[in-house]
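# Tertiary structure, described
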Amino acid sequence: MGEETLVAMPLAPHHHHARLDALPHHVSPAPQTQAPEPPPPQQAPEPETTVADEEEERDRGGVVEPPAGVPRPETPPPALAAEVGEDVYYARRMLQGAVLRPPPHLPQPEAPPGLARALSAPAHPHGYAEEAEEAGGKQKPVDRSASANSAIVDVASIGRFLRDRRDVLSSAFTRRISSLKEPSAPAAADTYGVQEIHLPNVKVTVRLKDAIAADAAEDDAGYSFSGGHIKGRVSFFSRSGCRDCAAVRAFFRQSGLPYVEINLDVFPEREAELAARAGAAARVPQIFLNEKLLGGLVVLNSLRNSGEFERRVRDLAGRRCPDSAPRVPVYGFDDEAGGKDEGEDAVVAIVRVLRHRLPIQDRFVRVKLVKNCFSGADLVDAIVNHLECGRNKAVEIGKELARKHFIHHVFRENDFEDGSQNLYRFLEHDPAVPKYYNFRGSTNDGEPKPAAAVGHRMTKIMLAILEAYASDDRRHLDYSRIAASEEFRRYANLVQELQRADMTALPAEERLPFFLNLHNAMAIHAVIRVGQPGAVDRRPFFSDFQYIVGGHPYSLAAIRNGILRANRRQPYTLAKPFGSNDRRLELAQRRANPLVHFALCDATRSSPIVRFYTTQGVEPELRHAAREFFLHGGVKIDLESRTVHLTRIIKWYTADFGQDRDILRWLLNYLDPTKAGLLTHLLNDGGPISISYMNYDWSLNV
């Protein structure tokens, strides 16, 4: 008959002391009829095992067993066997959760992960004897699992196991938190054939070959109004202040079509290129698709209405732009034509000699330490020795140097006089040079250009900057792009020519627009160089930031209060900007015009928008600027409370506007019909009118 199979059945809970007819844990290969032999009396006793030991072993792992590879003893410990019987002992062990190891002829369980297999020592006197083969009369070492006390632990394996469990746990927490923050959606292919698979701390993007081929086909098509993608180049020639150019620019921006604008007022050297491409009689704007001429605004409107423009863009701009197309303006290249026209001043050679020969030193005069100066006598002596001329001739040369602003009196009291008591210095040795932001280390030694010509070109460049980097309503400027633009670089180079310009030669009717434009250009420059005006400390912006113009320093405050307001005191100050002997008084306006306050932008949100004015139409342009300012929040009228809310600019410069009733009557000329009607009603009904001033927003107009 075959071998018997071990079947272990648990005891009933209420009969755990009953006798069980259980078989031994393994069966010998003898026939079934053979009865099991009782244990020999001389067998070594089992190690003493207490109930506490069993409970402790069960708490640690729930398994009570002999070492791996060693068969379970055929008989229980003698003490327990005598008390409860062998079968009851095995049944009780099973009920306690003990795992009975299979017989030795069956496959044995593997050692737990992280525990090394160690060779056993000879059998302990109180241990279990193993039924194993012996070689040479010696006991063969037995492969066993290391116990808790004598284990050889693989620390690296345990470390890897703990790290793996930690990573799994952290990933589970991450997925749980992500599921709470973001709506879960199955990963699916989008319209472009891209699949995104999110794993813990990993993002996998799968792009299909069909999608890549579709993108290649789209690149061949070239242009898409919705995406603004274009392989070629759309460019057009323009000028500052051109309405047709503004219409072309607005169309390109609204359609999302990338374009390159070549402003001939900024890049006058490109005029010859335009004449060669479009003809000598061509007028801006002139649009090019790659190297092919499209035409002006009339042609563009015709092609837009017929739908032909989009087709031409796809056909011509869909391919890569060839080298024969109009090139993109490159930052850092100056106007070569303008450089050829410039020549050195006639007295520059004398100035270079004097810079090395004059005894330039610090002197103490009028209880003041005057730095980097020399006397008039020293200058005359140096000229006489260098040119071998008479002293009178040397004095005339000194006056010429002062008139051209190579030198100036340390207190700016006179042009030039001979003598040791009169002290002078070179313009580049002025201690205030760090404040002159149109001065770069040395003076402009070229022949001074007329101030009117410099101002005209400055206005053209600043208009180009506004058209390119300001919003359509001019209320928001992108100062970071302005600072990095070629237009601003050329502006910064241009204003250096104002250092020695003869401002007295500027016609009186051109001084107002010149200084209005200079103020607004300086405000943009000041934001880029020193930052926005602060709500508390505004001195770095309005007073410390200066240009040297015609040999004299000008700040934003000096231009507003000294020049445009006819040398009136600045709010909350006692002294006038210019003293009685200041040469800048010759350029100041004869009377204060209150409209200038709505033409000056100080780069804040509450100030008027930035504008630049022309010489011929400055007066109507000032009135238009005032109307627009009051139309967009400069005044509010509350009829119920009979209160007129005015801009705080009027409060600061009350001396320019008059008393309360005078201000309101003056205001009627610049209000829209609705507000003018409300204010007229308040003025004519004889009742009291309250004037309130709104808070001023000092934040930057970006």
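About the thresholds
- Residues numbered from 1 in each chain as written.
- Predicted model: local features only at pLDDT ≥ 70, side-chain atom pairs only at ≥ 80, totals over all residues.
- Heavy atoms only, no water.
- Pairing = 2+ DSSP bridges.
- Helix = DSSP H or I, 4+ residues; strand = E, 2+ residues; numbered from the N terminus.
- Axes fitted to C-alpha atoms, helices over the stretch in contact; angles between N-to-C directions.
- Buried < 20%, exposed > 50% of the residue type's maximum accessible area, 1.4 Å probe, protein only.
- Parallel < 35°, antiparallel > 145°, perpendicular 65-115°, else oblique.
- Left-handed = near helix turned anticlockwise from the far one by under 90°.
- Contact = heavy atoms within 4.5 Å.
- Nonpolar A, V, L, I, M, F, W, Y, C, P; charged D, E, K, R; others polar.
- Phe/Tyr/Trp six-rings, centres within 6.5 Å; stacked < 30°, edge-to-face > 60°.
- Salt bridge = Lys/Arg side-chain N within 4 Å of Asp/Glu carboxyl O.
- pLDDT = per-residue confidence, 0-100.
- Polar contact = N/O pair within 3.5 Å; in protein donor to acceptor, adjacent residues only side chain to side chain.
- Core = buried A, V, L, I, M, F, W, Y, C linked by side-chain atoms within 4.5 Å.
- Domains from an automatic or database assignment.
- Patch = residues over 30% accessible without salt bridge, like charges linked within 9 Å, V, L, I, M, F, W, Y side chains within 5 Å.
- Areas by Shrake-Rupley, 256 points an atom, 1.4 Å probe, with all protein chains shown as cover.
- Disulfide = S-S within 2.5 Å.

### Here we look at the sheet that holds strand 18 (residues 643-646)
The strand order across the open sheet built from three strands is 17-18-19, with neighbouring strands paired in mixed fashion. If you trace the sheet from one side to the other, it starts and ends with strand 17 (635-638) and strand 19 (690-693), each paired once. For this sheet the average axis-to-axis angle between neighbouring strands, irrespective of direction, equals 20 degrees. Sheet topology note: the strand 18/strand 19 ladder contains four bridges and is parallel. Considered in strand 19, the bridge of Thr643 is made with Ser690.

### Brief notes about the environment of Asp315
One can find Asp315 in helix 9 (residues 308-316). Note: C-alpha distance between Asp315 and Gly232 (83 residues apart in sequence) is 9.9 Å.

### Focus on the pairing of strand 11 (residues 361-365)
As judged from the four bridges shared by strand 11 and strand 12 (residues 368-375), these two strands associate in the antiparallel manner. Looking at strand 12, one finds that Val365 is bridged to Lys368. Hairpin connection from strand 11 to strand 12: two residues lie between these consecutive antiparallel strands, with Arg366 at a positive phi of about 55 degrees.

### What to know about the pairing of strand 14 (residues 423-426)
Taken residue by residue, a regular strand's side chains alternate between the two faces of the sheet. Judged by which residues are buried, strand 14 turns out to be covered on both faces: Leu423 and Arg425 on one side and Tyr424 and Phe426 on the other are all buried. The sheet contact formed by strand 12 and strand 14 spans two bridges and is antiparallel. Directly across from Phe374, in strand 14, lies its bridge partner Tyr424. Sheet topology places strand 13 (residues 407-409) next to strand 14; three bridges connect them, and they run antiparallel. By the bridge assignment, His408 is partnered in strand 14 with Arg425.

### Things to note about the packing of helix 12 (residues 376-387) against helix 13 (residues 391-403)
It is the contact of helix 12 with helix 13, at a shortest axis distance of 9 Å, that shows an interaxial angle of 115 degrees. With respect to their mutual orientation, helix 12 and helix 13 come out roughly perpendicular. Every pair of crossing elements has a handedness; the one defined by helix 12 and helix 13 is right-handed. For the pair formed by helix 12 and helix 13, the contact residues are Ala377, Leu379, Val380, Asp381, Ile383, Val384 and Leu387 on the first element and Arg391, Ala394, Val395, Ile397 and Gly398 on the second. Within the contact of helix 12 with helix 13, the residues separate by chemical class into nine nonpolar, one polar and two charged.

### Description of the sheet that holds strand 11
Taken together, four strands build an open sheet; the order of strands is 11-12-14-13 and the sheet is antiparallel. Looking along the sheet, the strands with just one partner apiece sit at the ends: strand 11 and strand 13. Taken over all neighbouring pairs, the strand axes of this sheet differ in orientation by 55 degrees on average, direction set aside. Relative to strand 12, helix 12 is tilted by about 20 degrees, and along the sheet it contacts strand 11, strand 12, strand 13 and strand 14.

### Considering the packing of aromatic side chains
The tally for this structure, following the rule as stated, stands at 26 aromatic pairs. Ring geometry for Phe374 against Phe426: centres 5.4 Å apart, planes inclined by 50 degrees, an arrangement best described as tilted. With Phe374 in strand 12 and Phe426 in strand 14, the pair connects residues that are 52 residues apart, well separated along the chain. Per residue, the accessibility class of Phe374 equals that of Phe426, and both read buried.

### Remarks on the pattern of salt bridges
Per the counting criterion, the structure on display carries 31 salt bridges. For the salt bridge of Arg312 with Glu308, the shortest nitrogen-to-oxygen distance reads 3.6 Å. Of this pair, Arg312 and Glu308 both sit in helix 9, four residues apart, roughly one helical turn. Given the relative accessible area of 22%, Glu308 is considered partly exposed. Taken together, the salt bridges that share partners define one network made up of Glu269, Glu486, Arg489 and Arg490.

### Section: the confidence of the model for the chain
Mean pLDDT for the chain: 78, with 67% of residues reaching 70 or above. Counting interchain partners and residues more than four positions distant, the pLDDT-below-50 stretch residues 114-151 has 47 contacts. Ignoring residues within four places in sequence, the model shows residues 219-223, a span with pLDDT below 50, making 17 contacts including any to other chains.

### Notes on the environment of Arg311
Structurally, Arg311 is set in helix 9. Side chain to side chain, Arg311 and Glu308 meet in a polar contact 2.3 Å long.

### Side note on the nonpolar core
Tyr491, Met503, Phe515, Leu516, Leu518, Phe630 and Val644 are the most contacted members of the largest nonpolar core, which totals 85 residues. A domain split of this core shows at least three residues from each of domain 3 (451-622) and domain 4 (628-693). Among the nonpolar cores identified, the runner-up in size contains 28 residues, and Phe236, Cys242, Val266 and Phe309 belong to it.

### Re the environment of Ser543
The residue Ser543 is located in helix 18 (residues 539-544) in this model. In this structure the C-alpha to C-alpha distance between Ser543 and Tyr554, which are eleven residues apart in sequence, comes to 8.6 Å. Those residues within four positions of Ser543 in sequence are excluded, and the remaining contacts are Arg538, Ser555 and Ala557.

### A few points about a nonpolar patch on the surface
A surface patch of nonpolar side chains, amounting to about 290 Å² of accessible area, comprises Ile158, Phe161 and Leu162. On the secondary structure map, Ile158 appears in helix 4 (residues 155-181).

### Describing the side chain of Arg270
Mapped onto the secondary structure, Arg270 falls in the loop between strand 8 (260-263) and helix 7 (271-278). By relative accessible area, which is 3% here, Arg270 ends up buried. Not counting chain neighbours up to four residues away, the residues in contact with Arg270 comprise Phe237, Ile262, Leu264, Pro326, Arg327 and Pro329.

### A look at helix 11 (residues 348-357)
All of the buried residues in helix 11 are Val348, Ile350, Val351, Val353 and Leu354. At its buried positions, helix 11 is contacted by helix 12, helix 13 and strand 14.

### Thoughts on the state of the cysteines
Tallying each qualifying case throughout the model produces zero disulfides. Take Cys245: it sits in no disulfide, and the sulfur closest to it among the cysteines is that of Cys242, at 3.0 Å. On the basis of relative accessibility, which here comes to 0%, the residue Cys245 falls in the buried class.

### Quick look at unusual backbone geometry
The omega torsion across Val284 and Pro285 is 0 degrees, close enough to zero to call that bond cis. Residue position: Pro285 is located in the loop between helix 7 and strand 9 (286-289). A positive phi angle is found at Val367, which is not glycine, with a value near 55 degrees. Within the secondary structure layout, Val367 lies in the loop between strand 11 and strand 12. Note on Val367: relative accessible area 72%, which makes it exposed. One non-glycine residue, Asn372, adopts positive backbone phi at about 55 degrees. By secondary structure assignment, the location of Asn372 is in strand 12.

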